[in-house]
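# Summary of the model geometry
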Amino acid sequence: MSSEVCAVVIALVGPGGVIVYILPGGASGGDGPGDAEYRVCGLRSVSASIERRAASMSERKNAMSDMDAKILRRAAKIVEEGWCQGTYAITPDGVSVYSNDARAVRWCLVGACVRAAVEIIGDQNRGMAWANANTRRLLPHRCVVWNDEFGRTADEVAAALRHAAVRAEDQKYVEEIT
């Protein structure tokens, strides 16, 4: 068998099945005994690698679900301390400021998520990155528009954040039992 590989095709079959087809290059055409042996070895090594990666991804997902829930619960408490519309955060004088400004006393939904993420993660850049990547993923609506709708209340915003925290925990639970 030629050591040159022309193509590798991986097909996922059902929740735990993986089929790997390794199509060899060269003149043998892929029908010789060496090719079958290569496929079996390839299947075992690829299968083991996939299993390791899946376990690692599951652990990371569970850790993220825990952090997501913690951040969202903290954001709900921040909104309960003081809530605003039309800007990420406001000082006692009504001046718009960044979410993490020490003078801020009221926050919108996204501003509260940013502040909570920075507090919990402990790093400004990573906290901002978490908020940018996860606020839309974890909350079921367009956060800024929804927060700023006429008639919206702080209680509704805090409840939405707490509900999202429960969903993050439920997702972890569903993944653990499947």
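Read on for an overview of the structure. It should be emphasised that the depicted structure is a prediction, and the values quoted were computed from it without experimental measurement. (Residues numbered from 1 in each chain as written. Predicted model: local features only at pLDDT ≥ 70, side-chain atom pairs only at ≥ 80, totals over all residues. Heavy atoms only, no water.)

Turning next to the overall build of the protein. When its secondary structure is counted, the protein shows five helices and five strands. Along its sequence from the N terminus, the protein presents helices and strands in the succession β-β-α-β-β-β-α-α-α-α. Out of the 178 residues in the protein, the part that is buried amounts to 34%. Summarising the internal contacts of the protein: among those between residues at least 6 apart in sequence, 50% fall at separations of at least 24. Only carbon and sulfur atoms are counted for the fraction: they give 55% of the accessible area of the protein, which is about 10900 Å². (Helix = DSSP H or I, 4+ residues; strand = E, 2+ residues; numbered from the N terminus. Buried < 20%, exposed > 50% of the residue type's maximum accessible area, 1.4 Å probe, protein only. Contact = heavy atoms within 4.5 Å. Areas by Shrake-Rupley, 256 points an atom, 1.4 Å probe, with all protein chains shown as cover.)

Residues L72, V79, L109, C113, W130, V157 and L161 are the most contacted members of the largest nonpolar core, which totals 37 residues. Those elements that place two or more of their residues in this core are α1 (33–81), β3 (89–90), α2 (109–121), α3 (124–138), α4 (143–148) and α5 (154–177). The dominant element in this core, judged by the number of residues it contributes, is α2, at nine residues. (Core = buried A, V, L, I, M, F, W, Y, C linked by side-chain atoms within 4.5 Å.)

Let's shift gears to the environment of I121. One can find I121 in helix α2. A sequence separation of 54 residues divides I121 from M67, and the C-alpha atoms of the two residues are 8.7 Å apart. Ignoring sequence-local partners within four residues, the contact set of I121 consists of M67, I71, R126, G127 and W130.

What follows is about the sheet that holds strand β4 (residues 96–97). One open sheet holds the three strands; their spatial order is β4-β3-β5, and the pairing between them is antiparallel. In the strand order of this sheet, the two ends are held by β4 and β5 (106–107), each with one partner. The pairing of β3 with β4 spans two bridges and is antiparallel. Across the sheet, A89 pairs through a bridge with V97, a residue of β4. (Pairing = 2+ DSSP bridges.)

Viewed as axis vectors pointing N to C, α2 and α3 meet at an angle of 135°, and their least axial separation amounts to 8 Å. The angle between α2 and α3 falls in the class oblique. Of the two elements, α2 crosses α3, and the hand of that crossing is right-handed. For the pair α2 and α3, the contacting residues are L109, V110, C113, V114, A117, V118 and I121 in the first and Q124, R126, G127, M128, W130, A131 and T135 in the second. (Axes fitted to C-alpha atoms, helices over the stretch in contact; angles between N-to-C directions. Parallel < 35°, antiparallel > 145°, perpendicular 65-115°, else oblique. Left-handed = near helix turned anticlockwise from the far one by under 90°.)

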